[in-house]
Amino acid sequence: AQSGMRQEDRVLQTLARDQHHVVGRREVRAAELTSRQWAYRVASGEWVAVMPTVWRHAATPETWEMRVHAGARWLGPRAALAGRSAAAWWGLDGFERDEVEFVVPHARRARGGVAVRITREWAKKDLLRRDDVRVTSATRTIIDLAGQGGTARELERAIDSAVRLRLSSVPTLTKRMRELAKPGRRGLPMLRALLLDSGGESVLERRFLRVIRESGLPRPLTQVTFKARSARAIRVDFLYPDHRLVVEVSGKIGHASDADRRKDARRRNDLQQRGFVVLEFTTADVMTDPAGVVATVQRSLGALVGPNRH
């Protein structure tokens, strides 16, 4: 603290650091500032409004995260970060940290400061907390994005990154979408179509699933983790459990080191020792020779029988 700074100002700045660099009337009272003293500090520009009734110190730069926390503080516990803002808060691919949008129950009304949507569909299972902010779940966020006119590319990236980050899954999305479906709800037809090839964690995995679907072959399970016999668990891209067939797709061009090759070999050997056949396809295989990929998978499915083949 600077020498000569009043005690109440030191207290207020300490409280701000503990509240994501913003303060409200509660902190002003805790610092024992009178209404007149606080009005003077705001009028002099020492403290700047981020949202109505929420302020930052003039020396503290305003950030997107600060505006989110300030919006949550201003709107109160019945509001939730939503839409593109929620997608960015969850870290979904392709969403910038710039907009601040909240959703509130239909009965609530808000005044300025942030974009605020009103919804009749307010369910506890759609609302979570992340980094001290109430936010719509990744599942609900994706469904809302579809209804707000999100493009197919944006929704693909949102779905795939939510799956990769373990924030949602295709069955969870499908179930919640069915529960929220009603005549005229925007975006659901596109979302249903995109979910057909979802379940992987990348554009390449999505493309593989599309190749398999369009060929008429059965859809494999996606992102399956095997419990480890030792300290290592193994997660595979795709699995046909009844045929004990594992399929891996990789965008890597070669391997960076002997250690990488050794790790891949050990992983492949471990799967084979467990009785699995392992197929591996590169980006070039999936993108430029889908017929070859289909033929290889088809031959393997035809050649392999059930789980007791060995």
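You'll find the structure just up there.
Here the structure is a predicted model, which means the values were calculated and not measured.

## Observations concerning the pairing of strand 7 (residues 133-136)
Strand residues, when the strand is regular, have side chains that alternate between the two faces of the sheet.
At step 1: Pairing between strand 6 (residues 127-130) and strand 7: four bridges, direction antiparallel. Residue pairing for strand 7: Arg-130 is matched across the bridge by Val-133.
At step 2: Counting the residues between successive antiparallel strands, the hairpin from strand 6 to strand 7 contains two residues, one of them, Asp-131, with a positive phi of roughly 55 degrees.

## Things to note about the environment of Gln-37
At step 1: Mapped onto the elements, Gln-37 comes out in helix 3 (residues 35-43).
At step 2: Apart from residues no more than four positions distant in its own chain, Gln-37 is found in contact with Glu-8 and Glu-32.
At step 3: Of note is the side chain of Gln-37, whose polar atom sits 2.9 Å from the backbone nitrogen of Thr-34.

## Some words on the pattern of salt bridges
At step 1: The final tally for this structure, using the stated rule, is 24 salt bridges.
At step 2: For Lys-125, the salt bridge goes to Glu-179, with nearest N and O atoms at 3.0 Å. Of the two residues, Lys-125 sits in the loop between strand 5 (115-119) and strand 6 while Glu-179 sits in helix 8 (residues 170-180), which places them 54 residues apart along the sequence.
At step 3: Three or more residues joined by partner-sharing salt bridges are found here, namely Glu-101, Arg-117, Glu-121, Lys-125, Asp-126, Arg-140, Asp-144, Arg-176, Glu-179 and Lys-182.

## Let's talk about empty space enclosed by the protein
At step 1: The final tally for this structure, using the stated rule, is one cavity of 30 Å³ or more.
At step 2: Empty space within the largest cavity amounts to approximately 60 Å³.
At step 3: In this structure, the largest cavity is lined by Val-103, Arg-117, Thr-119, Glu-121, Trp-122, Ala-123, Asp-126, Leu-127, Thr-136, Arg-140 and Asp-144.
At step 4: Within the residue set of the lining of the largest cavity, elements represented by two or more residues are strand 5 and helix 6 (138-147).
At step 5: Here the lining of the largest cavity is built from residues that sort into four nonpolar, two polar and five charged.

## A word on unusual backbone geometry
At step 1: Backbone geometry at His-20 places phi at a positive 60 degrees, although glycine is not the residue there.
At step 2: Relative to the helices and strands, His-20 resides in the loop between helix 1 (7-18) and helix 2 (25-30).
At step 3: Phi angles above zero are rare outside glycine, and Arg-166 is one such case at about 60 degrees.
At step 4: On the secondary structure map, Arg-166 appears in the loop between helix 7 (152-164) and helix 8.

## A word on the side chain of Arg-274
At step 1: The residue Arg-274 is located in the loop between helix 11 (258-273) and strand 11 (277-282) in this model.
At step 2: Within polar-contact distance, the side chain of Arg-274 engages the side chain of Asp-270 at 3.0 Å.

## Let's talk about the environment of Arg-185
At step 1: By the element assignment, Arg-185 lies in the loop between helix 8 and helix 9 (188-195).
At step 2: With 39 residues separating them along the chain, Arg-185 and Ala-146 place their C-alpha atoms 9.6 Å apart.
At step 3: Other than its neighbours up to four places away in sequence, Arg-185 contacts Glu-121, Arg-140, Ile-143, Asp-144 and Leu-180.

## Focus: helix 5 (residues 83-90)
At step 1: Judged by how many residues are buried, helix 5 sits mostly within the fold: seven of eight residues are covered.
At step 2: Within the span of helix 5, buried status applies to Gly-83, Ser-85, Ala-86, Ala-87, Ala-88, Trp-89 and Trp-90.
At step 3: Immediately downstream of helix 5, the backbone of Gly-91 shows phi near 85 degrees, a positive value.

## Examining the packing of aromatic side chains
At step 1: Counted under the stated rule, the structure contains six aromatic pairs.
At step 2: Ring centres 5.7 Å apart and planes at 50 degrees place the aromatic pair Trp-38 and Trp-47 in the tilted group. For the pair shown, Trp-38 and Trp-47 are each scored as buried.
At step 3: Here the aromatic cluster, defined as three or more aromatic residues joined through ring pairs, consists of Trp-38, Trp-47 and Trp-55.
At step 4: Directly above the ring of Phe-276 sits Arg-244, whose terminal nitrogen or CZ lies 4.1 Å from the centroid.

## A closer look at the environment of Pro-52
At step 1: Examined against the element boundaries, Pro-52 turns out to sit in the loop between strand 1 (47-51) and strand 2 (54-57).
At step 2: For Pro-52, a relative accessible area of 35% translates into the label partly exposed.
At step 3: Between the C-alpha atom of Pro-52 and that of Glu-156, which follows or precedes it by 104 residues, the distance is 36 Å.

Conventions used here
Residues numbered from 1 in each chain as written. Predicted model: local features only at pLDDT ≥ 70, side-chain atom pairs only at ≥ 80, totals over all residues. Heavy atoms only, no water. Pairing = 2+ DSSP bridges. Helix = DSSP H or I, 4+ residues; strand = E, 2+ residues; numbered from the N terminus. Contact = heavy atoms within 4.5 Å. Polar contact = N/O pair within 3.5 Å; in protein donor to acceptor, adjacent residues only side chain to side chain. Salt bridge = Lys/Arg side-chain N within 4 Å of Asp/Glu carboxyl O. 1 Å grid on protein atoms, 1.4 Å probe; cavity = no way out; pocket = protein on both sides within 12 Å on 5 of 7 lines; lining within 4 Å. Points joined across faces, edges and corners; volume = space filled by probe spheres on them. Nonpolar A, V, L, I, M, F, W, Y, C, P; charged D, E, K, R; others polar. Buried < 20%, exposed > 50% of the residue type's maximum accessible area, 1.4 Å probe, protein only. Phe/Tyr/Trp six-rings, centres within 6.5 Å; stacked < 30°, edge-to-face > 60°. Lys NZ or Arg CZ within 6 Å of the ring centre and 35° of its normal.

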